[in-house]
Structure formats: structure tokens, C-alpha cells
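Now for the letters of each chain:
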Amino acid sequence: MSGSILSQGFLPQVAFIIVVGLTFCGAIIAVFHRNILYNVLGLALALAGVAALYVFLGSLFIGLMQLLIYVGAICIAMVFAIMLSRPVHLPKPKRKISKIATGVFAGLLILGVNIGVIYKTAWQPAAERKIDWSVKTIGDFLLTKYVLVFEVISLVLLVAMLGAIIISRFNGRVSS
Amino acid sequence: MFVKDPILLACTITVVLPFLSFLTIICYTRKWEKVSCSISIGAILISLICAIYLFIASRHFAEPLQYKLPWIISGKTIIPFGFLVDHLSMLMLVIVAVIASLVQIYSLGYMAGDPGFSRYYAFQSLFAWAMMTMTVAPSMIQFYIFWELVGLASYLLIGFYYEKWSASQAGKKAFVVTRIGDVGMFIGLVILLLFYGNLSIVGVNSAAVAKQIPAPLITISAILIFCGVIGKSAQFPLLTWLPDAMEGPTPVSALLHSATMVAAGVYMFARLFPFFSGSADALQFALLIGTITMVLSSTMAMVARDIKQVWAYSTVSQLGYMVMALGAGGYVSGMFHLTTHAGFKALLFLCSGVFIHHYHTNDFFVMSRQGARSLKVPMVCMTIGALALSGVFPFSGFFSKESIMVALASHPNKIWLAAGLFGEVLTAYYTFRLIFVMLFPKEMEETHHEEEHHEGEGILYWLMGWPLIILASVTCVLGFFEKQFEHYLLGDYILAHGVEHGAEAAHAGGHWLTITAISLVAIGVAVAWLEYGRKGASQEGFLSRMPAIEKLFARRWYMDHFYRWALDMIIYSGFTNIFTRNDRRVIDGGIDGLCRGTEGSGRIASFLQSNMVQYNIFVMVAILGFVALSFLG
Amino acid sequence: MNSLTLYLLISAVLFSFGLIGVMMRRSLIAILVSIELMLNAASLNFMAFNKFLSPDTSIGQIYTLFIMGIAAAEAAIALSIFLALFRQLRSINIERARELRG
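Treat the numbers as computed from the prediction; the structure is a model and nothing was measured. (Residues numbered from 1 in each chain as written. Chains lettered and ligands numbered in written order. Predicted model: local features only at pLDDT ≥ 70, side-chain atom pairs only at ≥ 80, totals over all residues.)

Caption draft 1: The packing of helix α11 (residues 250-259) of chain B against helix α16 (residues 331-359) of chain B, seen in detail. All names here are of chain B. Closest axis-to-axis distance for the α11/α16 pair is 8 Å, and the angle between their directions is 160°. It follows from the interaxial angle that α11 and α16 lie roughly antiparallel. Between α11 and α16 lies a crossing whose hand is right-handed. Residues Thr 250, Pro 251, Ser 253, Ala 254, Ser 258 and Ala 259 of α11 touch α16, and the partners they reach there are Ala 342, Lys 345, Ala 346, Phe 349, Leu 350, Ser 352, Gly 353 and Ile 356. Broken down by class, the residue content of the contact of α11 with α16 amounts to eight nonpolar, five polar and one charged. (Axes fitted to C-alpha atoms, helices over the stretch in contact; angles between N-to-C directions. Helix = DSSP H or I, 4+ residues; strand = E, 2+ residues; numbered from the N terminus. Parallel < 35°, antiparallel > 145°, perpendicular 65-115°, else oblique. Left-handed = near helix turned anticlockwise from the far one by under 90°. Contact = placed C-beta atoms within 7 Å. Nonpolar A, V, L, I, M, F, W, Y, C, P; charged D, E, K, R; others polar.)

Below, the structure written as C-alpha cells:
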């Protein structure tokens with residue numbers, strides 16, 4: 001689980017490259033494919049790849065949570081939304097070239113900016129580092145230092161659930 | 001633990017069984033009336049046996065026996081739950097158990113065929129549980145909790161015929177009015193808790209309280225706690241709820257509103273008697289309240305035409321007597337009057353229950369015209385009860401009132417004694433007014449159903465009859481046990497507290513007092529005989545020649561009017577108005593304003609929506625990117 | 001190879017893919033998919049900084065967890081809004097969602 005085993009040697013390197021490749025493939029399918037269902041499946045693939053990257057980064061726990069929450073819950077919810085609104089059968093208008101151009105331009109611009117930032121910054125590790133990957137520490141932090149944030153997130157989730165139920169239940173007009 | 005200690009076992013059984021019976025009936029057996037009433041009566045009978053065992057077993061206790069389980073522990077304050085077994089609590093426990101079981105048996109006849117039969121028995125069990133647990137409470141907190149539960153049971157039983165508007169109103173009134181007193185009591189208890197740090201009854205009664213709390217605070221808290229007595233025992237400013245409480249079924253009136261629940265206030269007074277006697281001012285206050293109550297309610301009873309109202313007013317006035325006795329320092333006489341009163345007042349109510357059940361009216365003039373005297377058993381029993389109530393010699397009331405008078409006579413201020421003796425005249429007058437009207441009707445209406453009842457209602461009639469006979473015989477003999485009673489009650493009191501008992505000393509020179517009291521009762525009875533009993537009597541009281549006073553008495557000294565007026569002026573047009581406005585203007589207005597603000601700003605912002613989200617994003621991203629690039633470059 | 005820069009580059013690429021999707025696609029669900037990609041790129045950044053720079057390696061993980069929670073709430077709300085919109089317009093095309101204009 002600790003990063004050192006996965007970061008050295010030939011085999012992990014190959015695995016790493018495969019994971020990154022799969023992630024990008026998933027992202028490309030998620031963004032460019034015209035079938036909405038394939039988009040979601042591509043997203044699932046990309047998210048699973050990111051989960052694997054988390055494992056490479058040393059946190060098996062977060063990787064599993066990623067699989068559980070994103071792939072297991074959010075993607076499935078999207079599939080349900082697709083089934084309920086049936087966009088697959090809707091007519092697919094031709095893509096406008098202007099839109100593709102603006103999108104690609106903006107994407108490349110931000111990519112360039114990001115790469116510039118990444119290479120121009122001198123990244124300094126913190127002077128003193130506590131390297132503790134255990135789940136217990138995360139739990140301790142969640143219930144002590146970050147307990148307010150934790151509670152707020154819980155509240156937000158609750159409100160979101162209620163809101164989702166109310167919004168999707170009303171037929172016709174939402175406002176009274 | 002239970003096996004080794006039979007007293008603990010008996011306490012637990014006594015207290016828990018009625019509660020189990022309540023739960024069972026309310027949850028499972030509401031459909032099966034016979035099962036419900038057997039469960040309830042079985043539970044109360046077993047409780048009664050245990051209570052009698054405890055009563056006998058506690059005879060020789062020198063020290064109160066306490067069983068405590070810590071319930072809430074907060075810092076240094078420990079609030080226990082448990083039992084306090086001493087002479088006073090066991091006496092009260094037996095009174096409650098006896099009256100409750102007799103009333104439940106009686107109710108088999110009275111409530112037969114009522115649609116709420118099971119519900120009735122469930123509430124009876126609830127009441128028995130609350131009252132018994134309150135009686136044996138070792139700390140004032142437990143006492144207070146069950147005090148309120150007793151109030152709840154009372155509310156449920158008064159409003160038993162909830163379809164009837166007046167009954168539900170009366171239940172509400174009883175609940176709210178007693179609550180006023182309870183607030184005072186609670187504040188008093190909190191003061192005690194803050195300054196003494198402990199609410200166990202033995203602790204509060206001990207001499208250590210006086211050392212820890214300054215004397216003015218003792219007086220204040222004692223008077224505040226006495227407010228609870230005022231509410232529960234229907235004393236002077238809050239006495240109007242009790243006559244209204246007669247809307248409930250008659251056995252309920254007998255059980256709660258004459259014999260046991262209203263006596264709970266007096267019981268608390270006696271329970272904390274050593275504490276109260278730590279403050280002479282508080283005792284003086286109690287004496288004053290008791291006297292006012294006694295005189296006022298006696299005058300109200302003189303003009304009432306409803307048989308239950310008469311007994312209700314007389315209950316209030318007898319409670320006034322008890323408070324007077326305790327206020328004058330007559331611990332034993334107060335408790336003795338409580339005991340005898342429980343017996344004969346339950347008897348009176350149960351008798352009137354038979355009449356009401358039979359004639360379907362509450363007006364005793366109408367009853368008498370329809371031939372009430374032909375119901376032999378209740379009539380005889382009621383006369384016995386009435387004799388006891390007015391304090392005629394061989395009956396229990398004579399002895400207890402006599403001892404109250406002795407206690408009052410020992411008080412330095414003789415005005416209380418005069419008031420007490422005056423009250424005796426009034427009591428005798430209004431009691432025998434009712435009895436003579438019932439016995440010697442002015443004109444008889446020929447009633448044809450007179451023969452039916454003896455055969456037709458045989459079992460039910462005797463189900464109601466036997467409790468009457470038991471109570472009547474108790475009333476006849478109880479008075480002669482005054483010495484034993486005093487011995488039993490004082491056994492622990494003198495040993496444990498060593499407080500000087502005033503009534504003892506004055507007992508010797510009290511012969512003239514007895515003679516005065518008897519002659520005054522005789523005067524009262526004679527006046528009643530002249531106006532209602534003798535042949536050709538007008539059956540109109542001397543008060544009818546003074547319409548103003550009669551109206552004053554009949555309207556309860558306009559106390560209800562005053563309360564209604566105060567309620568309208570202060571609560572409705574004062575507080576309610578302010579709160580309503582606050583609600584409408586501030587709260588509703590604020591939320592409406594928020595909504596309108598959100599809606600309006602949403603409308604304004606929606607003009608910015610140009611249906612081209614993605615181009616908007618593009619512009620945003622492009623600007624962001626160029627700014628970042630310029631920083632990088 | 002296993003350096004901070006590599007992870008940051010991966011996350012930058014993922015973010016750009018997400019951005020392109022948001023700008024280009026018409027279907028609301030596809031836009032949501034792209035937003036999820038961008039969110040993931042952000043949390044990948046957090047995890048990378050957590051691994052190589054941060055003073056305490058628990059904090060980045062906690063941030064990532066919070067981002068997941070927010071993403072779940074956002075997805076729930078967004079999907080229910082899409083359903084409501086679909087019932088009204090029989091379409092989930094972003095260019096047809098003109099009714100939002102007041």
C-alpha cells in the first residue's frame with residue numbers, strides 16, 4: 001500500500017502507463033463520443049483509472065471510495081437519468097464547427113496555462129511531514145478538526161436529496 | 001435482591017402492577033371489555049394486598065426505610081428513583097389502594113355498557129400507578145413527576161366523556177389551573193435545590209436545611225411549594241376547577257376529586273411538614289388560605305342544587321380544614337382528617353353515583369321527587385356519610401374534626417378557632433339540607449319504574465352496593481381508632497424529628513370545646529330541619545330571602561367571572577395580541593419579504609441569461625486564460 | 001517518472017478534456033459527465049500535492065472525500081433538474097432550455 005513498492009521496478013511502471021492510458025481513453029470516450037450512454041461508460045472508465053492513480057499515490061482507501069461513490073453511485077444515477085429521459089432516441093443535430101473550435105481552443109488554452117504553471121513553479125515540500133496513511137487518522141480528523149465541515153457536507157447532502165426528490169416529483173410547473 | 005427483601009418486593013409489586021395493567025389495556029385489550037376490567041381490578045387488588053402487608057410491616061420502623069437507584073447524576077446533584085417506606089407514606093398508600101380498589105369494583109356497575117369501558121379502566125390504572133408512586137417517592141423530583149402524572153390522569157378522567165363540550169372544557173380547566181400552582185411549586189423546589197443541593201424528602205425535612213439556607217429563603221420556597229398544594233387541593237385562589245371537575249363519571253369524582261388526588265396536596269404538606277414548620281410565616285399563610293377556602297366553599301355549598309356540586313364544595317372545605325390543621329401545627333389531626341375524609345367522601349360520592357345512575361339527573365330536588373328514598377342501601381349509607389361529614393358523634397368525622405379543633409385551639413390566635421367552629425355550623429347546615437331534601441320530598445311524583453330496579457339491575461346494583469356498605473362500616477368504626485392512629489403516625493415522627501407536638505398538650509382541657517362543637521353542629525342540623533325537614537317546610541333556605549348574597553354564593557363569589565375577565569384582559573388582549581402581531585408582521589412579513597426579494601432579484605438576473613451558456617463559459621475561460629498567461633509571461 | 005509534475009500533467013489533461021466537453025456538447029447529461037471529469041482532475045491534484053508536498057498526508061485525502069460528497073450532491077440535484085426539464089421540454093438539449101429566461 002505504501003507508495004514505494006508501486007513506484008519502483010519495471011512492472012509497476014508498465015502498470016502505471018496502462019492506467020494513465022485507460023484514463024485518457026475513458027476521458028476521450030466520455031467527451032467526444034456521440035452516444036450519451038457511451039459517454040457515461042467512458043466516464044466510468046476514466047474514474048476507475050483515477051481511482052487506480054490514487055492507489056499509485058498511496059491511498060488505497062480513497063481509491064476504493066472513488067470506485068464506490070463515483071463509479072458505483074454517480075455513474076449509475078446518470079444511467080438512470082438516461083433511461084428516464086431517453087435522450088438516446090432524440091434526434092442528434094450536426095455538430096457546429098464553431099462550437100468545436102471554441103471548445104478545443106479554450107481547452108488548449110487552459111492546458112497551456114496549466115503546463116506553464118506546473119513547470120514555472122518551484123514546488124517545495126513542507127519542512128516537516130507527517131506521513132501517516134492510515135484510515136484511523138482520517139477518521140480522527142473528520143471527527144475533530146474537520147467536524148464542522150463534515151457536518152455541513154452532511155447537511156448539504158441531506159438538502160440535496162430532499163431537493164432532488166421534490167424537484168423530480170412535481171409534474172409540470174415547479175413553482176406554485 | 002428481591003427475594004431477600006420482602007418489603008422491597010412488595011413496594012415494587014404495588015407500584016408496578018397498575019402500570020403494567022395500564023399498558024396492557026391500552027395496547028392490547030381495548031376490544032375485550034371483560035378482560036380489561038379483570039386485569040385492572042386484579043392488579044389493584046394485588047397492589048392492595050401488598051400495601052396492607054407494607055402497612056403492617058412498617059409498624060415498628062423507627063427510621064424511614066429508603067430504597068434508591070440513582071437516576072440522573074449531574075455533578076454533585078444525584079436524583080434518585082425509588083421508594084421511601086415510612087409510616088406516613090404507607091398510610092397514604094393504603095388509603096389510595098383501598099379507595100381505588102373499591103371504586104374500581106363499584107365502576108363495574110356504574111360504567112357497565114359504556115362505550116369507553118376499557119379506556120376507563122386503563123385510565124384508572126394509570127391514576128393508581130401515578131398516585132402510588134408519588135406516595136412512596138423518596139425525592140421531591142420523583143414526587144413532582146408523578147404529581148404531574150396524577151394531574152394527567154385527572155385530566156383524562158374528567159374529560160372522559162370527551163364528546164361533551166363541558167366535560168372537555170372542565171378537563172382543560174382543571175389541567176391549566178392546577179398547572180398555575182405547580183409552576184410555583186417547581187420554582188420553590190428549584191430554590192431548594194440551588195441552596196440545599198439535595199431534594200431527598202428525608203434531607204429536606206432534616207434540621208440541616210435551616211442551617212444551610214437563610215430564613216427568608218426558606219419562607220419563600222415554602223410558600224412557593226405551598227402553591228402546589230393550593231393548585232392540587234383546590235385551595236382559595238384556585239378552587240374553581242374542582243366543582244367543574246364533577247363532569248367526569250361519578251366514581252372518578254369519588255376517587256380523584258374527593259378521596260385521593262386532591263388529598264395529594266395535603267399529603268405533600270404533611271410530607272414536608274417539618275420543612276414547613278421551619279418557617280412560621282409559611283404556616284401562617286397556609287392557615288389563612290385554608291380558612292378562607294373553608295368558609296368560601298361552605299357558603300357555595302349552601303346554595304348548590306346539583307348533588308355532586310354540593311359534595312365537591314364540601315370536599316374543598318374539608319381540604320381547607322386539613323390545611324388549617326396542618327397550618328396550626330396539628331400534624332396528626334390533619335392526616336387523620338385526610339384518612340376519615342377519604343372514607344366518608346368516597347362513600348358520599350359513590351352513593352350519589354347510584355342515584356345519578358338510577359334517575360339520570362344531578363339535581364337532588366328532582367331525585368327526591370322521583371322517590372330517591374326508596375333506594376335503601378345508598379340512602380342509609382349516604383346518611384351515615386353525611387353524619388360523618390358534619391361531625392356527629394359516633395362517626396369518624398366527629399373524631400377527626402374534634403382533633404382539628406383541638407389543634408386550632410392550641411394556636412395563640414383564637415380567630416382561627418372561631419372560623420373553624422363557624423365552618424362546622426355551615427357544614428352541618430348544607431349537609432343536612434341535602435339529606436332532608438332527599439328524605440322528605442315536598443311532593444312525590446308517581447313513578448312506575450320503582451319496582452323494576454331491584455329485580456332488573458340486581459347484580460349491578462349490588463356491585464355498586466357492596467363498596468358502599470364496606471365504606472359505611474369503615475366510617476362508623478374508624479373514629480374509635482384515633483389513639484392507635486396517632487400512635488402509628490407519631491411513632492416515627494417524634495423519634496425521627498423530635499419536633500414538639502403542640503396538640504398533645506392542649507388535649508386535656510378540651511372538654512368545653514367538644515361540647516361547643518357538638519352544640520354548633522346541632523344548631524346547623526336544626527336550622528336545616530326547620531327549613532327542609534319538618535312537615536310543611538318551605539324547602540327554601542333562609543338565603544333565598546337575601547337574593548344578592550344567594551347570587552354571590554351561587555356564582556362562586558364571582559371568582560370564575562374574575563378569572564375570565566383577567567384572562568380576556570391580560571392573556572387574550574395583552575400577550576396574545578402582541579404575539580399574534582409579532583407572528584404576522586415580523587416573522588411572516590420577514591419570510592415573505594425574503595421570498596419576494598429572492599423572486600425579484602431572480603427576475604432581474606434572468607435578463608442576463610442570453611441562452612448561450614457555452615459561449616458565456618468560453619468568454620470567461622478565455623479571459624481567465626489570457627490573464628493567467630500574462631502573469632506567467 | 002513518479003513525480004509530482006507527472007501527476008499534475010495528467011490532471012491538467014483530464015481537466016482540459018472536461019472543459020472541451022462542457023463547451024462543446026449540447027446534451028445536459030454529457031455536460032454533467034464533463035464536469036465530473038474536471039472535478040476528478042481537481043481531486044487528483046489534491047492527492048498529488050498531498051503525496052509530495054503537504055505537511056500531513058491525511059488532509060489531502062479528507063479534501064478529496066469532501067469533494068466526492070459535494071459531487072454526489074451536485075449530481076443528484078442536477079439529474080433531478082434534468083428530469084424535470086425533460087418532462088417540460090421533451091428534450092435535454094442545453095440550447096433549447098430557454099424557459100429559464102424570465
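Caption draft 2: Broad picture of unusual backbone geometry. All names here are of chain B. The backbone of Ala 234 shows a phi angle near 55°, a positive value even though the residue is not glycine. Its place among the elements puts Ala 234 in the loop between α9 (215-232) and α10 (241-244). Even without glycine at this site, His 360 takes up a positive phi of about 55°.

Caption draft 3: Examining helix α3 (residues 36-56) of chain A more closely. Residues and elements named next belong to chain A. Taking 1.5 Å as the rise per residue, α3 with 21 residues should run 30 Å; its terminal C-alpha atoms sit 30 Å apart, in good agreement. Across the 21 residues that make up α3, a large majority, 17, are buried. Positive backbone phi, approximately 100°, marks Gly 58, located one or two places after α3. (Expected span 1.5 Å × (residues − 1). Buried ≥ 20, exposed ≤ 12 C-beta atoms within 10 Å, placed from the backbone.)

Caption draft 4: Geometry of the interface of chain A and chain C. Every contact between the two is made by 73 residues of chain A and, on the other side, 61 residues of chain C. Elements supplying a minimum of two residues to the side of chain A that touches chain C: α1 (3-7), α2 (10-32), α3, α4 (60-85), α5 (97-120), α6 (135-143) and α7 (147-169) of chain A. Considered class by class, the residues forming the side of chain A that touches chain C number 53 nonpolar, 15 polar and five charged.

Caption draft 5: Structural context of the environment of Leu83(C). Along the chain, Leu83(C) turns up in helix α3 (residues 57-89). When near neighbours in sequence (up to four residues on either side) are disregarded, Leu83(C) contacts Ala81(A), Leu84(A), Ser85(A) and Ser168(A).

Caption draft 6: Fine view of the packing of helix α19 (residues 396-409) of chain B against helix α20 (residues 415-439) of chain B. All names here are of chain B. In contact at an axis separation of 8 Å, α19 and α20 are set at 160° when each is read in the N-to-C sense. Considering their axes alone, α19 and α20 lie roughly antiparallel with respect to each other. For the pair α19 and α20, the crossing hand works out as left-handed. Only Trp 416, Leu 417, Gly 420 and Glu 424 of α20 make contact with α19, whose side of the interface consists of Lys 401, Ile 404, Met 405, Leu 408 and Ala 409. Here the residues of the contact of α19 with α20 are counted per class, giving six nonpolar, one polar and two charged.

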